[in-house]
Amino acid sequence: MAGKLIKTDSEWKDILTPEEYYVMRKQGTERPFSGVYNDFKADGIFQCRCCSTPLFSSDHKFDSGTGWPRYWQPISEDVIISISDTSLGMVRTEVLCAICDAHLGHVFPDGPEPTGLRYCINSVSLNFKESI
């Protein structure tokens, strides 16, 4: 695993679109059912849009009907960081990229077996690399 990628807020603003910046650097959320990867079915790897770290496999993607891409596990536990999020008057678990600290989404304990987890991830936080 590579070391931390650190950029100033100004550097992130220069390389991200306003929506990408809002979601990944300011813990925003894209509108449900609006993201390109919500119903996406191709085989491959979903990477962090900020640093290209491989995060999720299409093999772990499932349909929850919630409006965002969802996975039952990351590629590896060391590619994400989970922290407590008490915004919006509730307690949730926020998911960040372990390399660049980009906000990806949240993880919930209502997913399918074998993990029982639902990683609910913003499409705007991801890039896709198709399997060859």
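Everything that follows concerns the structure shown earlier in this document.
Below is a short write-up of the structure. (Residues numbered from 1 in each chain as written. Predicted model: local features only at pLDDT ≥ 70, side-chain atom pairs only at ≥ 80, totals over all residues. Heavy atoms only, no water.)

1. A short note on the nonpolar core
Point 1. Counting residues in hydrophobic clusters, the biggest one holds 26 residues, and the most contacted among them are Cys 48, Cys 50, Leu 55, Cys 97, Cys 100 and Tyr 119.
Point 2. Contributing elements (two or more residues each) for this core: helix H2 (18-26), strand E1 (44-48), strand E2 (54-57), strand E5 (92-97), strand E6 (103-108) and strand E7 (118-121).
Point 3. The residues contacting Cys 100, other than those within four sequence positions of it, are Leu 5, Trp 12, Arg 25, Cys 48, Cys 50 and Cys 51. (Core = buried A, V, L, I, M, F, W, Y, C linked by side-chain atoms within 4.5 Å. Buried < 20%, exposed > 50% of the residue type's maximum accessible area, 1.4 Å probe, protein only. Helix = DSSP H or I, 4+ residues; strand = E, 2+ residues; numbered from the N terminus. Contact = heavy atoms within 4.5 Å.)

2. Here's the deal with the pattern of salt bridges
Point 1. Taken as a whole and assessed by the stated rule, the structure comprises five salt bridges.
Point 2. Across the salt bridge formed by Glu 20 and Arg 49, the nearest N and O atoms sit 3.2 Å from each other. Taken together, the positions of Glu 20 in helix H2 and Arg 49 in the loop between E1 and E2 put the pair 29 residues apart, joining distant regions of the chain.
Point 3. Residue classification places Arg 49 among the partly exposed positions, given a relative accessible area of 25%.
Point 4. In this structure, Asp 85 and Arg 92 form a salt bridge, with 3.1 Å as the shortest nitrogen-oxygen distance.
Point 5. On the basis of relative accessible area, Asp 85 is assigned to the buried category, the value being 10%. (Salt bridge = Lys/Arg side-chain N within 4 Å of Asp/Glu carboxyl O.)

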